[in-house]
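Spelled out, the chains give:
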Amino acid sequence: MGSVNKVILVGNLGRDAELRYTPGGAPVATLNLATTEVWNDKTSGQKQEKTEWHRSVLWGKSAESLSEYLTKGKQIYVEGRLQTQKWQDKDGHDKYTTGMAGAGRTQQRGAGAGAASGAGGGGEHEPMGEPITDLTDDDIPF
């Protein structure tokens, strides 16, 4: 039986999308998304809140067309897969960072969603058809 690596997040952007280009010219946008869990503490009855931060990456035409609409505070839906990158810090120690890569579907939600919807077919964007093959680990934004 096969396996599944799929992540769906709905949350608010902590800052504007950051659009960059790889040395090969491929557009890439990095998103910082906050999801917040709210619950009542069983012992004290007090409302508790915990925010998790997630990094997501959009590639290609999706990165270019959506980056201007993905601004701080906007609620968005992002669908993609988890990917872990290994890197070394300045002291040569191995470090690992996990984020959502190859986000295949992004949709702005809530008030003002019309702007992103007009940017290319209902706010849904599929990944580029051709994979980017000239990337190095330095090109990956997380």
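Position numbers for residues count from 1 along each chain, tracking the sequence in the order it is written. Given that the model is predicted, a residue must reach a pLDDT of at least 70 before its local features are reported, and side-chain atom pairs must reach 80 or more before they are shown or counted; all residues, however, enter totals for whole chains, interfaces and linings. Hydrogens are left out, water is left out, and the side-chain values use all remaining heavy atoms of the structure.

Asks: Explain the overall build of the protein chain to me, using residue names and the numbers behind them.
Replies: If you tally the helices and strands in the protein chain, you get two helices and six strands. Only runs of H or I of at least four residues qualify as helices and only runs of E of at least two qualify as strands under DSSP, and these elements are numbered from the N terminus. Listing every helix and strand of the protein chain by position from the N terminus yields β-β-β-β-α-β-β-α. Exposure categories follow from relative accessible area, calculated using a 1.4 Å probe and restricted to protein chains: below 20% of the type maximum is buried, above 50% is exposed, and the middle band is partly exposed. Per-residue burial over the protein chain gives 35% buried out of 142 residues.

Asks: So what's going on with the pattern of salt bridges? Which residues, and what values?
Replies: Counted as salt bridges are all cases of a side-chain nitrogen of Lys or Arg within 4 Å of a carboxyl oxygen of Asp or Glu. Per the counting criterion, the structure on display carries five salt bridges. In this structure, Lys6 and Glu79 form a salt bridge, with 3.5 Å as the shortest nitrogen-oxygen distance. Linking Lys6 in the segment before strand 1 (7–13) with Glu79 in strand 5 (residues 75–88), this pair joins segments that are 73 residues apart in sequence. Residue Asp94 is joined to Lys86 by a salt bridge in which the shortest nitrogen-to-oxygen separation is 3.3 Å.

Asks: Which residues make up helix 1 (residues 60–67), and what values do they have?
Replies: Burial in helix 1 covers these residues: Gly60, Ser62, Ala63, Leu66 and Ser67. Down the axis of helix 1, the buried side of the element spans an arc of 165°, and every buried residue falls inside it. This arc is built from the directions going out from the helix axis to the C-beta atoms.

Asks: Break down the side chain of Asp89 for me, citing the residues and quoting the values.
Replies: With respect to the element layout, Asp89 can be found in the loop between strand 5 and strand 6 (94–109). The sign given to each residue is positive for Lys and Arg and negative for Asp and Glu; His and the chain ends receive no count. In this structure, Asp89 is buried with no salt-bridge partner, the nearest side chain bearing the opposite charge being Lys95 at 4.0 Å.

Asks: Give me the lowdown on the nonpolar core, citing residues and values where you can.
Replies: Buried Ala, Val, Leu, Ile, Met, Phe, Trp, Tyr and Cys residues form a nonpolar core when they are joined through side-chain atoms within 4.5 Å. Residues Leu13, Leu31, Leu33, Leu58, Leu70, Ile76 and Val78 are the most contacted members of the largest nonpolar core, which totals 14 residues. Secondary-structure elements contributing two or more residues to this core are strand 1, strand 3 (27–40), helix 1 and strand 5.

Asks: Provide a residue-level description of the pairing of strand 4 (residues 47–59), including the pertinent values.
Replies: Strand pairing is assigned whenever DSSP identifies at least 2 bridges connecting the two strands. Note that strand 3 and strand 4 share 13 bridges and pair antiparallel. Across the sheet, Asn40 pairs through a bridge with Lys47, a residue of strand 4. Hairpin geometry of strand 3 and strand 4 is characterised by an intervening segment of six residues between the two adjacent antiparallel strands and by a positive phi of about 75° at Gly45.

Asks: Break down the environment of Ala34 for me, with residues and values.
Replies: Locating Ala34 in the fold gives a position in strand 3. Note on Ala34: relative accessible area 12%, which makes it buried. When the C-alpha atoms of Ala34 and Leu13 are compared, they prove to be 6.2 Å apart, with 21 residues separating the residues in sequence. Any two residues having at least one pair of non-hydrogen atoms within 4.5 Å are treated as being in contact. Discounting chain neighbours no more than four positions away, the residues touching Ala34 are Gly11, Asn12, Thr51, Glu52 and Trp53.

Asks: A description of the pairing of strand 2 (residues 18–21) should follow, citing residues and the corresponding values.
Replies: For strand 2 and strand 3, the ladder comprises four bridges, and the chain directions are antiparallel. The residue bridging Tyr21 from the neighbouring strand is Pro27, located in strand 3.

Asks: Describe the confidence of the model for the protein chain, listing the residues and the values that go with them.
Replies: For every residue, the predictor assigns a confidence score, pLDDT, that lies between 0 and 100. Considering every residue of the protein chain, the mean pLDDT works out to 79; 71% of them sit at 70 or more. Element-level pLDDT for the protein chain is lowest in helix 2 (residues 113–117), with a mean of 42, against a maximum mean of 94 in strand 2. Every residue in residues 114–133 scores below 50 in pLDDT, and together they form 31 contacts with partners more than four places removed in sequence or on other chains.

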